[in-house]
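Fold and contact review
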Amino acid sequence: MEESKFRFLGYRISKIECIIEDNFDIKKNIFDQSIQVQIKYDKDDDCFVEVVLNIDVKSSDKAFSFFMIIKGGFKREKDMPTELFYVMARQNAPAILFPFARAIITSYTAQANIPPVILPL
């Protein structure tokens, strides 16, 4: 099997904000999630891209809200076609980052001593 020419370098969390009101009941809520994706190509290095996910989760009763910014770095090998790199940055990179964000939200809410909030795939 050939090694991928598109590499995930890692992620970092830039911001987490969580509000849990005293009257929050996970069993009585429906969660709305929105994800905004930003693709930031490096002007000095055409082989690097930073992908940013802004994830916002709110309960239907507004007693729970969670906002997170997660950033991931991705690099291509020089011989990877530029257009393929752009496609992978737009499609594959957010899909690679999302499971990390999902696990962090679940872990964070479990540590807050409420039933864990698990985002759908």
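Now for a description of the structure that goes with this document. Treat the numbers as computed from the prediction; the structure is a model and nothing was measured.

Cut-offs used in this document
- Each chain has its residues counted from 1, following the order in which its sequence is written.
- In keeping with the model being predicted, local features are shown solely for residues with a pLDDT of at least 70 and side-chain atom pairs are shown and tallied solely at 80 or more, while totals for entire chains, interfaces and linings include all residues.
- Just so you know, side-chain values use all the structure's heavy atoms and leave hydrogens and water out.
- Segments assigned H or I by DSSP are reported as helices when at least four residues long, segments assigned E as strands when at least two residues long, and all are numbered from the N terminus.
- A simple rule labels every residue: compare its accessible area, found with a 1.4 Å probe on the protein chains alone, to the largest value its type can have, and call it buried under 20%, exposed over 50%, or partly exposed in between.
- By definition, residues are in contact when any of their heavy atoms lie within 4.5 Å.
- Methods summary: accessible areas were calculated by the Shrake-Rupley approach with a probe of 1.4 Å, and residue burial reflects only the protein chains presented.
- His residues and chain termini do not enter the charge count, which takes Lys and Arg as positive and Asp and Glu as negative.
- The atoms used to mark charge sites are NZ of Lys, CZ of Arg, CG of Asp and CD of Glu.
- Remark: nonpolar core denotes a set of buried residues (Ala, Val, Leu, Ile, Met, Phe, Trp, Tyr, Cys) joined through side-chain atoms within 4.5 Å.
- Patch rule: a residue counts if its relative accessible area is over 30% and it has no salt bridge; like charges are joined within 9 Å, and nonpolar side chains (Val, Leu, Ile, Met, Phe, Trp, Tyr) within 5 Å.
- The working definition used for a salt bridge is a side-chain nitrogen of Lys or Arg within 4 Å of a carboxyl oxygen of Asp or Glu.
- Stacked, edge-to-face and tilted labels apply to pairs of Phe, Tyr and Trp rings (six-membered ring for Trp) whose centres lie within 6.5 Å, assigned for plane angles under 30 degrees, over 60, and everything in between, in that order.
- Two thresholds decide whether a charge sits over a ring: the Lys NZ or Arg CZ must be within 6 Å of the ring centre and within 35 degrees of the ring normal.
- We treat two strands as partners when DSSP finds at least two bridges between them.
- For helices, the fitted axis covers only the stretch in contact; all axes are lines through C-alpha atoms, and the angles between them, taken along N-to-C directions, range from 0 to 180 degrees.
- For the purposes of these results, a polar contact is taken to be a pair of N or O atoms within 3.5 Å, where, inside protein, one atom must be able to donate a hydrogen and its partner to accept one; residues adjacent in sequence count only when each atom of the pair is a side-chain atom.

Let us now look at the overall build of the protein chain. On a plain count of helices and strands, the protein chain comes out with one helix and four strands. Every one of the 121 residues in the protein chain was classed for burial, and the buried ones make up 35%. Pairs at least 24 residues apart make up 66% of the contacts formed inside the protein chain by residues separated by at least 6 positions. When the accessible surface of the protein chain is summed, it comes to about 7600 Å², and 52% of that surface belongs to carbon and sulfur atoms. The distance from the centre of the 16 positive side-chain charges to the centre of the 17 negative ones in the protein chain is 1 Å.

A few words now on the nonpolar core. Counting 27 residues, the largest nonpolar core has Ile55, Met68 and Ile105 as the members making the most contacts within it. Elements that contribute at least two residues to this core include exactly β3 (48–59), β4 (64–76) and α1 (82–111). Sequence-distant contacts of isoleucine 55, that is, excluding residues within four places in its chain, are made with Ser34, Ile35, Phe66, Phe67, Met68, Ala101, Ile105 and Leu119.

Once that is clear, we can look at a nonpolar patch on the surface. A cluster of nonpolar side chains, namely Tyr11, Ile13, Ile16, Phe100 and Tyr108, defines an oily patch on the protein surface of about 390 Å² accessible area. Only β1 (6–20) and α1 provide two or more residues apiece to the nonpolar patch. Here the nonpolar patch gets three residues from one element, more than from any other, and that element is β1. Mapped onto the secondary structure, tyrosine 108 falls in helix α1. What makes tyrosine 108 partly exposed here is its relative accessible area of 35%.

This part covers the packing of aromatic side chains. Overall, the coordinates contain 12 aromatic pairs when judged by the stated rule. Consider the rings of phenylalanine 24 and phenylalanine 31, whose centres lie 6.2 Å apart with planes at 65 degrees: the pair is edge-to-face. Within the aromatic cluster, the residues linked to one another by ring pairs are Phe6, Phe8, Tyr11, Tyr41, Phe74, Phe85, Tyr86 and Phe100. In this structure, arginine 76 packs its charged tip against the face of phenylalanine 85, placed 5.4 Å from the ring centre.

Reading across the sheet, the four strands line up as β1-β4-β3-β2 and stay open at both edges, with antiparallel pairing between neighbours. A single partner strand is all that each edge strand has here, and the edge strands are β1 and β2 (31–41). On average, adjacent strands in this sheet sit at an angle of 15 degrees to one another, irrespective of strand direction. With 11 bridges joining them, β2 and β3 adopt antiparallel strand pairing. From the neighbouring strand, serine 34 faces β3, where its bridge partner is aspartate 56. Across the sheet, α1 touches β1, β2, β3 and β4, and the angle it forms with β4 is around 140 degrees.

Okay, the side chain of threonine 106 next. Secondary-structure assignment places threonine 106 in helix α1. Here the side chain of threonine 106 touches valine 117 through a polar contact of 3.0 Å, landing on its backbone oxygen. Beyond its immediate chain neighbours, meaning those up to four positions away, threonine 106 contacts Pro116, Val117 and Ile118.

The quantities given are spatial measurements derived from coordinates; they are silent on function.
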